[in-house]
Structures are given as structure tokens and as C-alpha cells.
Amino acid sequence: MRVLSVALVVVWNALVCSGPAMASDGAGAVHSGLDRQLQVRPPRVDTEVVIDGVLDEAVWTEAARLTGFSRYAPVDGGAADRATEVLVWYSPTAIHFGVRATAGADGVQATLADRDRIDADDHVQFFLSTFADGRQAFVFAVNPLGVQMDGSLVEGLRGGGGFGGLAVGREDVDRSPDFVFQSRGTVTGTGYVVELRIPFKSLRYQSAAEQRWGVHVTRVSPRAGVEDSWAPARREGASFLSQAGFLDGLHDLRRGLVLDLNPIATARVDGAPAAAGWGYDTARPDLGMNVRWGVTQTMTLNATVNPDFSQVEADAGQFQFDPRQALFFPDKRPFFLDGIEQYATPNNLIYTRRVVAPLAAAKLTGRLTPSTSVAYLSAVDDAATSFTGTDHPVFNILRAQKDLGTSSKLGLVYTDRIDGARSNRVLGLDTRLVWSEIYSLLVQGAASHTDTGASSDTSPLWQATFNRAGRRYGLRAQVRGIDPKFEAQSGFINRRGIAAFNVTNQWTTLGAPGGWFQRFSSDVVLDGQWVYDALMAGRPSQDRKLHFNQNLTLNGGWRVGGSVLIESFGYDETLYRDYVVGRPQADGSTRFDPYEGTPRLPNLDYVISADTPTRRGFNGSLFLLWGRDENFFEWSSADIVFLNASGTWRPTEQLRIEGRYQLQSYQRRSDGSYAGIRRIPRLRVEYQVTRPIFVRLIAEQDGNFVDSLRDDSRTNLPVFVRTAGGYAPALRTSTRRLRVDWLFSYQPTPGTVFFAGYGSSLASDDTRGPAYRRTSDGFFAKLSYLFRL
């Protein structure tokens, strides 16, 4: 590990010191495109305005005008069908945007909603790349009523392939971060007007006396299923942000003292069965404090003591397509979300949710130089999360990135988790090279060193991904390997001990403007997966997949898709290491034989998917997979059904009703019986009283049936599972769980909140009865206030 550490640091230093010389990765071709990009010089006006969504102050007549929007999605190119005018100016302390949007024939879709939940509404998005690096940006969005959505965009981390084929267009925005800014909107007779004020205190930006910021402005019209962009941008480009326009000549920007104090008080009372029937604990209220300090214009220090890391909403239930892969749940805790984009890394080598219940934590994020960013996190976790139960695990996480050329970058990651005599350290280097506007190459190498006190091990992880994001033809090829002993105790690795190679070829046909279809893509995915040690020994792959995917985008925002999945899965003995077959003997005893699954199972599956635009306040989506696939419970072929159907209905401007139904079933081909069925219906009802106040009900039921297991593909004998005391039969289980959560929320700005809620968990030992019994419940309240000095 020490030799690898030295080597990676030497490479990092060499590349950092080389500076602009690395622009030879194809930056010249990209520069030729940037030379044609839009540039404006917004005026600096030392005045303040009322943020009311009217734009009637005199300063708006002096603002720079951004017009001439063009189509971006579903097909880019050509003038937009709807007129949009964006006005921009800045004062010494904030940048101001105003938007006048003319409605189309479908009118304006706008609802009162909670923060970040305006996808189905008309809205305008602003991507501010304050370092003009073409790699990451702050994201601010508002709907016609001024409801906010915000986050960050970091390019170069998206995967591809799978059921949907290659992803096209801008990468997904991470909506976890919440920024303080002001916005208002009004619906007019011809469309809508929105107004934003983004304080410089909420941003990190350059220290130069005069600055250039990258900016994208897009207008989303969900009823029509279209998105328009101010800066002409190609969806198939390797980088969306490098195609941005520019705000030039920004000068004399004053953040002043950036010091946010955020005291927090929380209280909860948890209930559980007791001797007297039901009892509640008497936990004392907790007090904590978050502090955010802008050390410089480019660097921010966050610290927290006794933080509130509770969540006001339970994680939604998920299905596992493959039980060998762990499920990922995003971190929703406020302290980790400020600057979280700086910690992004391929293969999730940083996963802040590993810090479970810290006593204290601090982090430093920002730019050391205009082209070098750094993010460092240190935390002391609760002893309950320790392997020993007495030590306090200490986390140290470092992410550093160096910009290369106009869109490429080099990254370094280091993490450690020290838990008494135990430790886990990970060191990695990654780079993303972009050239000729449509080509990119992502390469990552990492190693983990794990010391248990009694033994230690050093193991590798590696990946290389090539992308060609062409307009008519796209290509993605990836190789990836994770040693079975590779550990990232500060990260998230969904499955270790595998190596894979996959390639996706995609062909796209674009429809005529206004035609019945807008885009049709057809792709072929070839995927091979090896047991890591088997690949190193030159043995054949374990799993083989050939997928044919078709996706069609229709005029008006309708999307449909279909796939044919031809697969072959090899027996994974590690998954069934605790299985044995019980063979009855003549004397009445049972002999336990090793479980030996069928060497290979062939699969043939079909997929259909559909997404609707918003019509009369409703939109929905459907994913259905069925066919012959592996029954992982018993390692045999089964007729399977995977269903995920969801819909959202907004009967009024303030009421939102969301429903989701998930089904997963495995029907044995041998006799038609079910090896397993799981159903998860979920209902979410939200009423937005005013912009900052809402009440919400969430109810989710999880019904899970697993039949008594047997060796279905060979002997049909019963399966037993190895336990500490011998062998136990794998008997039928049938359970239901119901979770109900109520919440009252008042959140006028990020950091200033009052939450009050109640949650109850109920269970039943049978999927169809008897009645539920309460297993736990609890009341909670949270009060915090953001003091911005």
C-alpha cells in the first residue's frame, strides 16, 4: 500500500505541476466550439429591488437580455416554439435574474409544492459555473409561482447501458444541496414572469478582480415535453456545461463576512411494547450547532457539534434484481449536503452515509487555485457504530481534483476509517479526458488496505470507460474489476469480487420538427461478467448478457420503450455457501449433502416502459419486465414478473397525490408454484398550505412471501440452511409490514425549519391476515434557525 501511495502521489504532483500542457487532450477542438458561444456583459448596479415577480423597477430596463432560445430536448437544434426573455444584472452583493416566458397553446402548469418537487411544472433552470471550468455548476430553478429547486451538476460520473441503453443529454442534477436565494413568480395572461436574487454569500467563486462565469438557462415545459436552451447545446456532446454561454466582466463582487450559525434543537419520544402494554421512553431533547464560514471566496469551512442527523422521511422500499448487489440509499442529512458535489467520485469511493451518528465533524471544501479543488471531511462517530462497541471510529476523507484543458480533469481520493486497532484506507486516482466534443475516457485505479489487528490485506479496484456521444451513433465500452478483498468502509461498493466488460452500440433517428415522433434510438448491449479470481486465472465468464433496447420519444412528451434480454447466468457458489440438501434416510434421519446448483441457467426476458407528460394534472410511468429468469431463492429457472408503476395527480394547485406499486414474483416452471412474491404499494399525500408550509402523509406496505425452499433444478429435495447449531429447514415465511408517517413542515429558507411528526410501524405474520400489530412508533420535533451574519 505504501509503494502504491507514493506512486499515485508522484503521478498527481507531476500532472498538477504540468498545468496547461495537459490541454493537448483535444482541447483545441473544443476551443473552436467555445469561440462561437454566447457572451454577455451584465451591468453592475448598486441598488436593491423587491423580489416580487413583477420586474417593474427601472434597473430591469438596464439589464442584459438573453433571447433567441433554441430547442434542446427531446431533439436539439432550431428555434424554440415559445418565446423566452431572460434579464440579468448584478449588485455588489447578489446576481439577479428575471424571466418573461410566453406560454404555448397548452398554457402554464404551476403548483405550490415543496422544495425540489417542481419537475411536472413549467420551470426555468439556471446553471452557474462560477469557475467557468465546464465541469460543474450550481443549479437554481423556479416554477411560475416562484417555488424553488436547486442542486449541483458534476459531469463525468454517469454510467450507461442496461435496460434503457445509453443515456443521452445532460447528466442528472444532484438535488441534495440547498442554497439560500430569493425567488417569486406570477402567472400572467400571456405566460409567466419569475424573478431571482442569488446572494454571493451562497456561492463559491473565483478570487480574480474581473471574472467570467459560465451560464446555461433552460426552460422546461412538461405538458409539451420540451426543453429550450439559451445557449445552443447539443444533447449528444460529451459535456453540457462546456457548451454554456458566458457572463463576462463581473467585478467588485462583495460577499462580506460569510458566517452562518445554525442552532438545532430536536426531541423525540419512541414507543415500543412493554410489560404494561405499550410504553414510551423519556429521552431528553438534544441541542446541536452547525457553523458555515466562508474562509475565502473559494473555500468554505463547515463544522458541527452534536448534529441532528435524523431524517424526516423513511427510505422508500426497493427491490433487488440481484441479491448479490447491495441497495444504495442517498444521504439526506443537511450537514453533508453543502458542497457534496466536491466529493463525487467514480465507483462511490466516498459515501457519507457511512458516518452513521457522529459526535462532531468538520469539512473544508473549495478551490486552492482556479484549476484545483479540494474537499476534506473529518468525523468522529458514535461508539455504537464501532466493531468493538467501545471505540469511536474516526473518518478522514479527502477528494482533490485538477482541471485539464477545457473539460478534462484529474482526481485523487483518499479515505480512512480508524476503529481502535482496526483500520481501512483507500487511495485512488481517476481522470476523465474529453476531446473533439463527443469523445471521453474515464480511467480509475484504486487500492484498499484493511488491517483487522490480526491480519492485513491490500487489494485493487480498476475501471476504464470510453464514450462516443454522437448524434446518430453512440458507443460506450467499459472494463471494470473489483478484487474480492477490496474494502471501502468510507464508500459504497455494491458488489465485490467481480470483473466485467460491456459494450453498447446505439443508433438514433431524429424526427422532423413538429412530427409525430421526435427521437428513436436502438441499441445493442453486450455484457460479460466474471468472478474476479476466475478472470485472473483465465477462466470463462460467469454471467453473459445480450440486450436489444428500443426507445421512442413522441411529440408531446410521451416516451415508450421495449427490450429483449437474452442472458445466461452461471452458478455462484458463494451465494449458496450456507445451503445444503436434506436427503431422508431409511432409518428416519436426514443426511445433509452439499448444495450443487445447475451450472448455467438460460434467461429470456421482455421489457416495456412508458412515461407520460403532465395532462390535466396527472403524469405516470410504467416499467414491466417478464419472462424466464433465475429464481435466486433456489437457483432454478422461473417465470418472473417485475413491475414498477407510479402516478402523480395534482387535482388542485396545493394538493399532490402520488401512488407507486412494485411487484416482484418468481413462479417455478417445474410445477407453477410461487417461490417468492413481494409487493410494495406506497401512497404519499401532500398539501401545500403556503410556500413554506405543508402537511404530508406517507403510507407504505411491504408484503413478502417466500415458500419453503427446495432443490428445484435438480433433486427437488428440501433445502436446509447452515446455522451455528447445525442445520435448519428453509421453511415458508409470510410477512407484512406497514409504515405510516405524518409530518408538519415549516421551512421558509434552508436552515430555518420547524418539523413535527409521528411515525408508526406495524407488522403481520401473514401477507393476507391476520390484523396488523404495532411494533414501534414515535413522535419527533425539530427546530432550527439560520443566523446569516
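Please read all numbers here as calculations on a predicted model, not as lab measurements.

**Notes on the overall build of the protein chain**
For step 1, the next point in the chain: Within the protein chain, the regular secondary structure consists of 4 helices and 43 strands.
For step 2, the next point in the chain: Whereas a compact globule of 789 residues would reach a radius of gyration of roughly 28 Å, the protein chain reaches 28 Å, a difference of no more than 12%.
For step 3, the next point in the chain: The principal-axis extents of the C-alpha atoms in the protein chain amount to approximately 100 × 65 × 60 Å.
For step 4, the next point in the chain: Relative to its full complement of 789 residues, the protein chain shows a buried share of 52%.
For step 5, the next point in the chain: For the protein chain, the separation between the mean place of its 85 positive charges and that of its 84 negative charges on side chains is 1 Å.

**Focus on the packing of aromatic side chains**
Between two aromatic rings, the relevant description is the distance of the centres plus the angle of the planes.
For step 1, the next point in the chain: Inspection of every chain in the model, using the stated rule, returns 34 aromatic pairs.
For step 2, the next point in the chain: Centre to centre, the rings of Y576 and Y579 are 5.2 Å apart; their planes meet at 70 degrees, and the pair counts as edge-to-face. Like Y579, Y576 is buried.
For step 3, the next point in the chain: Ring geometry for Y606 versus W626: centroids 5.7 Å apart, planes at 35 degrees, classification tilted.

**Digging into the pattern of salt bridges**
For step 1, the next point in the chain: Per the stated rule, a full pass over the model turns up 41 salt bridges.
For step 2, the next point in the chain: The residue R115 makes a salt bridge to D178 at a minimum N-O spacing of 3.4 Å. Separated by 63 residues along the polypeptide, R115 in the loop between β5 (94-102) and β6 (123-129) and D178 in the loop between β8 (148-154) and β9 (182-187) bring together distant segments of the chain.
For step 3, the next point in the chain: A relative accessible area of 18% places R115 in the buried class.
For step 4, the next point in the chain: In this structure D178 comes out as partly exposed when scored by relative accessible area, which is 35%.
For step 5, the next point in the chain: It is possible to trace a salt-bridge network through shared partners that takes in R117, E658, R684, E686 and R696.

**Regarding the sheet that holds strand β10 (residues 191-199)**
For step 1, the next point in the chain: Here 5 strands make up an open sheet; going across it, the order is β2-β4-β5-β10-β9 and the pairing antiparallel. Edge positions in the sheet fall to β2 (64-66) and β9, since each has one partner strand and no second. Averaged over all neighbouring strand pairs, the angle between strand axes comes to 15 degrees, with direction disregarded.
For step 2, the next point in the chain: The sheet contact formed by β9 and β10 spans 6 bridges and is antiparallel. Each bridged residue has a counterpart across the sheet, and for T186 the counterpart in β10 is V193.

**Some words on unusual backbone geometry**
For step 1, the next point in the chain: Following A73, the chain continues into P74 via a peptide bond in cis, with omega recorded as 5 degrees.
For step 2, the next point in the chain: By secondary structure assignment, the location of P74 is in the loop between β3 (70-73) and β4 (84-90).
For step 3, the next point in the chain: A positive phi angle, near 50 degrees, is found at W635, a position not held by glycine.
For step 4, the next point in the chain: Counting through the fold element by element, W635 comes out in the loop between β33 (618-631) and β34 (636-649).
For step 5, the next point in the chain: In this structure W635 comes out as buried when scored by relative accessible area, which is 1%.
For step 6, the next point in the chain: Of note, the phi angle at N716 is positive, near 65 degrees, even though the residue is not glycine.

**With respect to the sheet that holds strand β39 (residues 726-729)**
For step 1, the next point in the chain: Pairing within the open sheet is antiparallel, and its 4 strands lie in the order β31-β30-β38-β39. In the strand order of this sheet, the two ends are held by β31 (590-594) and β39, each with one partner. Ignoring strand direction, the axes of neighbouring strands in this sheet form an average angle of 45 degrees.
For step 2, the next point in the chain: Direction of pairing for strand β30 (residues 579-584) relative to β31: antiparallel, over a ladder of 5 bridges. Paired with R583 across the bridge in β31 is R591.

**Things to note about the confidence of the model for the protein chain**
For step 1, the next point in the chain: Of the residues in the protein chain, 91% reach a pLDDT of 70 or more, and the chain-wide mean stands at 89.
For step 2, the next point in the chain: Within the protein chain, no element has a lower average pLDDT than helix α2 (residues 27-34), which sits at 32, and none a higher one than β4, at 98.
For step 3, the next point in the chain: Below pLDDT 50 for its whole length, residues 2-36 participates in 40 contacts with residues either more than four positions away or in separate chains.

**Things to note about the side chain of H96**
For step 1, the next point in the chain: Along the polypeptide, H96 turns up in strand β5.
For step 2, the next point in the chain: Contact partners of H96, with chain neighbours within four places excluded, come to V49, I51, W60, L87, V88, W89, Y90, S91, L196 and R197.

**So, the nonpolar core**
For step 1, the next point in the chain: Within the largest apolar cluster, 35 residues are counted, with the highest numbers of intra-cluster contacts made by I95, F97, F140, W213, V217 and L247.
For step 2, the next point in the chain: Secondary structure elements with two or more residues in this core: β2, β4, β5, β6, β7 (136-142), β10, β11 (210-221) and β13 (245-251).
For step 3, the next point in the chain: Counting 20 residues, the second largest nonpolar core, distinct from the first, contains F395, V413, F486 and A488.

**Some details on the environment of S760**
For step 1, the next point in the chain: Inspection of the secondary structure assignment puts S760 in strand β41 (residues 752-764).
For step 2, the next point in the chain: Remark: the alpha-carbon pair of S760 and G271, spanning 489 residues in sequence, is separated by 9.0 Å.
For step 3, the next point in the chain: If we ignore the near neighbours within four places in the chain, the residues touching S760 are L738, R739, V740, R774, S776 and D777.

**Some details on the environment of R559**
For step 1, the next point in the chain: Inspection of the secondary structure assignment puts R559 in strand β29 (residues 559-570).
For step 2, the next point in the chain: Taking the C-alpha atoms as reference points, R559 and L433, separated by 126 residues in sequence, lie 32 Å from one another.

**Some details on a nonpolar patch on the surface**
For step 1, the next point in the chain: Side chains of L257, W293, V295, L301, L364, Y376, Y785, F787 and L789 sit close together on the surface and give an oily, nonpolar patch of about 790 Å² of accessible area.
For step 2, the next point in the chain: For L364, the location among the structural elements is in strand β18 (residues 358-369).

**Points about the pairing of β41**
For step 1, the next point in the chain: Sheet analysis places strand β40 (residues 733-749) next to β41, joined by 12 bridges and oriented antiparallel. Note that in β41 the partner of L743 across the bridge is G757.
For step 2, the next point in the chain: Count of turn residues in the β40/β41 antiparallel hairpin: 2 residues, of which G751 carries a positive phi of about 100 degrees.
For step 3, the next point in the chain: In this sheet, strand β42 (residues 773-784) lies alongside β41 in antiparallel orientation, the contact comprising 11 bridges. Of the residues in β42, the one forming a bridge with S760 is D777.

Rules and cut-offs
Residues numbered from 1 in each chain as written. Predicted model: local features only at pLDDT ≥ 70, side-chain atom pairs only at ≥ 80, totals over all residues. Heavy atoms only, no water. Helix = DSSP H or I, 4+ residues; strand = E, 2+ residues; numbered from the N terminus. Rg over C-alpha atoms; globule rule 2.2 N^0.38 Å. Buried < 20%, exposed > 50% of the residue type's maximum accessible area, 1.4 Å probe, protein only. Lys, Arg positive; Asp, Glu negative; His and termini not counted. Charge placed at Lys NZ, Arg CZ, Asp CG, Glu CD. Phe/Tyr/Trp six-rings, centres within 6.5 Å; stacked < 30°, edge-to-face > 60°. Salt bridge = Lys/Arg side-chain N within 4 Å of Asp/Glu carboxyl O. Pairing = 2+ DSSP bridges. Axes fitted to C-alpha atoms, helices over the stretch in contact; angles between N-to-C directions. pLDDT = per-residue confidence, 0-100. Contact = heavy atoms within 4.5 Å. Core = buried A, V, L, I, M, F, W, Y, C linked by side-chain atoms within 4.5 Å. Patch = residues over 30% accessible without salt bridge, like charges linked within 9 Å, V, L, I, M, F, W, Y side chains within 5 Å. Areas by Shrake-Rupley, 256 points an atom, 1.4 Å probe, with all protein chains shown as cover.

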